[in-house]
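# Examining the three-dimensional arrangement
Here is what each chain is made of, one letter per residue.
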Amino acid sequence: MIHIGKMIKAEFDRHPKAHTVNWLAEQLSCRRNNVYDIFNRKAVDTDLLIRLTRILQHDFFKEISDEIAKEY
């Protein structure tokens, strides 16, 4: 099963150290604790995933698709 929060956290961790949780919270217009909540979610809504795709410049939709394809 895909855990999207772990996927997002892994991509976030690949970013420069200047990109902190506070930075991501600012980009998402939310609080720091909400970012940690996202990292712990098994699923997120598509609007949020689109925003994260743009902010982190990573195609999470393709990554999810690739994971599903591996199952078949």
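Now for a quick tour of the structure. These numbers were taken from a predicted model, which means no experiment stands behind them. (Residues numbered from 1 in each chain as written. Predicted model: local features only at pLDDT ≥ 70, side-chain atom pairs only at ≥ 80, totals over all residues. Heavy atoms only, no water.)

## Observations regarding the overall build of the protein chain
In plain terms, the rule: Only DSSP runs of H or I with at least four residues qualify as helices, and only runs of E with at least two residues qualify as strands; both kinds are numbered from the N terminus onward. Every radius of gyration here is taken over C-alpha atoms, with the globule rule written as 2.2 Å times N^0.38, N being the number of residues. Here the term buried applies to any residue with accessible area under 20% of the maximum for its type, exposed to any over 50%, and partly exposed to those in between, with areas from a 1.4 Å probe on protein chains only.
The number of helices and strands found in the protein chain is 5 helices and 0 strands. For the protein chain, the sequential pattern of α-helices and β-strands runs α-α-α-α-α. For the protein chain, the C-alpha radius of gyration of 12 Å lies close to 11 Å, the compact-globule estimate for 72 residues. Along the longest, intermediate and shortest principal axes, the C-alpha atoms of the protein chain span 40 × 20 × 15 Å. For the protein chain, the proportion of its 72 residues judged to be buried stands at 35%.

## So, the packing of helix α2 (residues 21-28) against helix α4 (residues 46-56)
What counts is decided by this rule: Whenever a helix is involved, its axis is fitted only over the stretch in contact; in every case the axis is a line through C-alpha atoms, and angles between N-to-C directions fall within 0 to 180 degrees. An angle below 35 degrees is treated as roughly parallel, one above 145 as roughly antiparallel, one from 65 to 115 as roughly perpendicular, and anything else as oblique. Left-handed describes a crossing whose near helix is turned anticlockwise from the far helix through less than a right angle; right-handed describes the clockwise counterpart. Between two residues, a contact is recorded if the distance between any of their heavy atoms is within 4.5 Å.
It is at 11 Å that the axes of α2 and α4 come closest, and there the two elements cross at 125 degrees. Classified by the angle between their axes, α2 and α4 sit oblique to one another. Seen along the crossing, α2 lies across α4 with a hand that is right-handed. Listed contacts from α4 to Trp-23, Leu-24, Gln-27 and Leu-28 of α2 are Leu-48, Arg-51, Leu-52, Ile-55 and Leu-56.

## A closer look at the pattern of salt bridges
Side chains carrying opposite charge are able to pair once their charged atoms draw close together. Heads up, the condition is: Salt bridge, as applied in this entry: a Lys or Arg side-chain nitrogen positioned within 4 Å of an Asp or Glu carboxyl oxygen.
Inspection of the entire model under this criterion finds 5 salt bridges. Across the salt bridge formed by Asp-13 and Lys-9, the nearest N and O atoms sit 2.7 Å from each other. Placement of both Asp-13 and Lys-9 in helix α1 (residues 4-13) is noted, with a separation of 4 residues, approximately one turn of the helix. A residue is classified by how much of its surface remains accessible, and Asp-13, at 45% relative accessible area, is partly exposed. Here Lys-9 falls in the partly exposed class, since its relative accessible area comes to 31%.

## Quick look at the nonpolar core
A general feature of soluble globular proteins is that nonpolar side chains tend to end up buried together. Our working rule: Residues belong to one nonpolar core when they are buried, are Ala, Val, Leu, Ile, Met, Phe, Trp, Tyr or Cys, and are joined through side-chain atoms within 4.5 Å.
Counting 19 residues, the largest nonpolar core has Ile-8, Leu-24, Leu-28, Leu-52 and Leu-56 as its most contacted members. The set of elements that each furnish at least two residues to this core consists of α1, α2, α3 (32-40) and α4. If we ignore the near neighbours within four places in the chain, the residues touching Leu-28 are Val-35, Ile-38, Leu-48, Arg-51, Leu-52 and Ile-55.

## Quick look at the environment of Ala-43
Positionally, Ala-43 belongs in the loop between α3 and α4. For the pair Ala-43 and Asp-66, spaced 23 residues apart in sequence, the C-alpha separation works out to 16 Å.

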